Amino acid sequence: MTVGEHNDLLHYYYGKKLADREYKAIAMKDENQCAFLPEGYTLENYRQEYPSYGYSDLKSPAYDVFNSDGNNISMLKVTDIKIKDGVYNPCGLPHILQKDNTAQTSYITLCDEVINLEVTLIYTVFDEYDVIIRSAEFKNLSDKPIRIDRAYSSCLELYTEKRDVIYFPGSWARERYMERAEIRHGEKIDISNARGGSGHNMNPFAIVCNENANENYGEAIGFSLIYSGNHSTYIESDADLNLRIMQGINPQDFSYTLNPNENLETPQSVICYSLNGIGGVSRELNRLYRNNLCRSKWANKDRPILINNWEATYFDFTEDKLVSLAKTAKETGIELFVLDDGWFGSRNDDFQGLGDWFVNKSKLPSGIDGLSQKINDVGLKFGIWIEPEMVNPNSDLFRAHPDWVIHVPNRQPTLSRNQLILDLTRKEVRDYIVKSISNILSQGVSYVKWDMNRPMTDMPRPGYNYEYTLGYYDILDRLTKAFPHILFEGCASGGGRFDPGMLYYMPQTWTSDDSDAAERLRIQYGTSIVYPYSSMGAHVSAVPNHQIGRITSFEMRCDVALPGQFGFELDLNKCTDHELEIAKKKVREYRELQEVFHKGDCYRLKSPFETDLSAVEFVSEDKKTAVVCISSYKATAYSPDEFIKPQGLCENATYRIGENSYDGKYLMNYGIVFRNDRENKSEIIVMRAE
Ligand code: GLA
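A. Inspection of the overall build of the chain at higher detail. Along the chain, the regular secondary structure elements total 13 helices and 37 strands. Against the compact-globule benchmark of 26 Å for 690 residues, the chain has a radius of gyration of 26 Å, which places it among compact chains. Counting over 690 residues, the chain shows a buried share of 61%. Long-range contacts, defined here as pairs at least 24 residues apart, represent 71% of the contacts in the chain between residues at least 6 apart. As displayed, the chain has an accessible area near 26500 Å², and 48% of this comes from carbon and sulfur atoms. Counting 76 positive and 99 negative side-chain charges, the chain places the averaged centre of each group 3 Å from the other.

B. Representation of the pattern of salt bridges within the structure. Tallying each qualifying case throughout the model produces 42 salt bridges. Across the pair D57 and R244 runs a salt bridge, and its minimum N-O distance is 2.7 Å. One end of the pair, D57, is in the loop between β3 (47-48) and β4 (63-66); the other, R244, is in strand β16 (residues 243-249), with 187 residues separating them in the sequence. One exposure class covers both D57 and R244, and it is buried. Ionic pairing is found between E215 and R604, a salt bridge with its closest N-O pair at 3.0 Å.

C. Just the site of the ligand, in detail. As a matter of local geometry, the ligand sits amid 13 residues, with D340, D341, K449, G494 and D513 nearest to it. Within the side chain of D340, a nitrogen or oxygen atom sits 2.6 Å from an oxygen atom of the ligand. The separation between an oxygen atom of the ligand and a polar side-chain atom of D451 is 3.0 Å. Burial of the ligand by the protein chains amounts to 95% of its free accessible area of 310 Å².

D. Structural context of the environment of N214. Here N214 shows up in the loop between β13 (202-210) and β14 (220-226). With 65 residues separating them along the chain, N214 and G279 place their C-alpha atoms 8.1 Å apart. Every residue in contact with N214, bar those within four places of it in the chain, is listed here: R180, G277 and I278. At 2.7 Å, the side chain of N214 and the backbone nitrogen of Y217 are in polar contact.

E. Molecular detail of helix α10 (residues 517-528). A rise of 1.5 Å per residue sets the reference length of α10, with its 12 residues, at 16 Å; its end C-alpha atoms lie 16 Å apart and thus fit the reference within 8%. Taking burial as the measure, the 12 residues of α10 include 12 buried ones, the bulk of the element.

F. Representation of the packing of aromatic side chains within the structure. This structure, assessed with the given rule, holds 32 aromatic pairs. Judged by centre distance (6.0 Å) and plane angle (55°), the ring pair of Y63 and F138 falls under tilted. Within this pair, whereas Y63 is found in strand β4, its partner F138 is found in strand β8 (residues 131-140), the two being separated by 75 residues in sequence. For the pair Y63 and F138, a shared accessibility class is recorded, and that class is buried.

G. Local environment of the sheet that holds strand β1 (residues 2-3). Across the sheet, 3 strands lie side by side as β1-β2-β3; this open sheet has antiparallel pairing. The open sheet has two free edges, formed respectively by β1 and β3, since each of these has just one partner strand.

H. Focus on the pairing of β13. Within β13, 9 of the 9 residues are buried, which leaves the element mostly enclosed by the surrounding structure. In this sheet, β13 lies alongside strand β10 (residues 163-169) in antiparallel orientation, the contact comprising 6 bridges. Residue pairing for β13: D164 is matched across the bridge by C209. Pairing of β13 with β14, which is carried by 5 bridges, proceeds in the antiparallel orientation. Opposite I207, over in β14, you have G222 as the bridge partner.

I. How the structure looks around the nonpolar core. In terms of nonpolar packing, the biggest core is built from 152 residues, with F138, W343 and F568 touching the most fellow members. Setting aside residues up to four positions removed in sequence, F138 forms contacts with Y50, Y63, L117, E118, V119, I148, A151, L258, E262, N263, L264 and T266.

J. Here's a closer look at the sheet that holds strand β35 (residues 660-663). The strand order β30-β31-β32-β37-β34-β35 describes an open sheet built from 6 strands, whose pairing is antiparallel. Both outer strands of the open sheet, β30 (601-606) and β35, are each paired with one neighbouring strand and no more. For this sheet the average axis-to-axis angle between neighbouring strands, irrespective of direction, equals 25°. Where strand β34 (residues 654-657) meets β35, 4 bridges bridge the pair, whose relative direction is antiparallel. Residue pairing in the sheet places I657 in a bridge with N660 of β35.

K. How the structure looks around the environment of P507. Inspection of the secondary structure assignment puts P507 in the loop between α9 (500-505) and β27 (508-510). Residues P507 and A326, 181 residues apart in the sequence, show an inter-C-alpha distance of 24 Å. Beyond its immediate sequence surroundings of up to four residues, P507 is in contact with C294, S296, W298, A299, R303, L487, F488, S534 and S535.

Parameters at a glance
Residues numbered from 1 in each chain as written. Predicted model: local features only at pLDDT ≥ 70, side-chain atom pairs only at ≥ 80, totals over all residues. Heavy atoms only, no water. Helix = DSSP H or I, 4+ residues; strand = E, 2+ residues; numbered from the N terminus. Rg over C-alpha atoms; globule rule 2.2 N^0.38 Å. Buried < 20%, exposed > 50% of the residue type's maximum accessible area, 1.4 Å probe, protein only. Contact = heavy atoms within 4.5 Å. Areas by Shrake-Rupley, 256 points an atom, 1.4 Å probe, with all protein chains shown as cover. Lys, Arg positive; Asp, Glu negative; His and termini not counted. Charge placed at Lys NZ, Arg CZ, Asp CG, Glu CD. Salt bridge = Lys/Arg side-chain N within 4 Å of Asp/Glu carboxyl O. Near = heavy atom within 4 Å. Polar contact = N/O pair within 3.5 Å; in protein donor to acceptor, adjacent residues only side chain to side chain. Expected span 1.5 Å × (residues − 1). Phe/Tyr/Trp six-rings, centres within 6.5 Å; stacked < 30°, edge-to-face > 60°. Pairing = 2+ DSSP bridges. Core = buried A, V, L, I, M, F, W, Y, C linked by side-chain atoms within 4.5 Å. Axes fitted to C-alpha atoms, helices over the stretch in contact; angles between N-to-C directions.

Spatial relationships are all this shows, so hold off on functional conclusions.
Set out below in structure tokens:
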């Protein structure tokens, strides 16, 4: 980028690193082009870092203000540039951490001197990663309020070229399905969500890539937003296929009044560049998020294998039933018992009890501390499910504080799953949540599943979703700091809030309520493009599957869950001896391979969106161990051989697979033969360098 002759912040180029003299050539080309234009200096003919509204740029702006003169016009001129060592920590928002890496941050300050609005654009780069982390900070230096109606975190302008966009829409039980579309002339594409949390329906992540780019080759640029509220990744193409790509808070329903001397910070947008296709972007973001995002002490630690009672019992459990499940789990090698929904207040179904965070003694006479002790006595740690943001109208909390829910005067708030949302913008509500949840977490709890089971409606004012998200982060900040030993797992009706903002506080997220092994292949594949397998909760469940009725083998169910944060969610007491033997074997296999699944690089070899099977490979940093997980999505009789070609191995090393040895070159070029001729076929192929 450069400061233009009129003090505008102009963008030159984004892509593979060039020599300095080449940047000068780009600058000269731009200047020459504009010198010949009859209309002279026109911003529309330049690429910009953070375009404003109202002057000679006629595309969509990166920010929008409504000032006290009653118009939206604004223009920013550069006033200051600073470069500092280290990363930037936006106040109250999750962000990339420095850890032991080398990072530098540029702060470019711009000012609209007519309305006295200051905007600082923040760019962090690392020696170790091909990413630029961007955000913007707005400051009102005037003596009048300024209303901000749009505040994207990043803007990137790209030269004319045929490009595609890859994005991750979905729904409950069908999260992060991968879609790809051509970006056409003059098109405006908004990859966004305005349903409250980051949402099932669209993940805050997109890749813009060359039309020929695939998993392994071609230019690909990833855009990932570290935020758990309404988001937007907006792409505007002009008549010549020049692109403007912006990412940040969704402008729909957004509005924030900045009073004199106040400031507004935007979430971080991570832009990642690769010439090695989608896989290149994916491995880089996986690595960044594995190492520099989560602040929990669990971030890089091996986490316990868990059993969750939800699909085993739903609301129908007794203390004895739970302890008996824990005993069988212990024999299987499982380390943590998680008590899901239904343990508190009058919660015997989903019509009541949310908000009343005290134990239901008629169900659990020993209380949480007593039950946790019993589970510990069996030899397992104890974990618990909570949904702190919500309240059922049929609850003591709602009867005591009906005004604590999100609502607007004179209107009935909308129920969803029979529940309402607490107004987290109010300090007394946040304090109640922190206090009542802390009380439970102090009773021998070592793991928490934090759920959120409805979209947000009845917004009391524009911009409320941003305020709510800040309130939510405040609660997470306080509780995770107060209980640093607890492993937190995020959840929102499955994977409805699977985003980097959550992963900053909680190292793992429940990937989906769809626990069917075949369906999970797609869900995990899409999720893995941006989020590492170490962040995905993945459980073995019962058959016929509770969501879609499919029957898969016990082995395949284990193999599909194995690379994630492995766990079980079924009544082990109903399993056959043979199934329990498989479970024990898989627990041991998981412990042996966990390091490479969770710290290695992930290569997707076969896509379940394009073929009938999924093949995913994990390679350790030193390339000495690699594992390929192959599972069939759908089999056909007498199918031809599939050649699965691992990647990222050492060409000249020899790898042992079972009793046999093969050269890295052979494996990567000839491949491993797999015949997809039988339903439920899955294989875990381990390659170890000799
Ligand atoms: C949500 C979660 C499930 C389970 C239920 C309990 O749907 O995604 O895993 O915890 O709530 O009500």
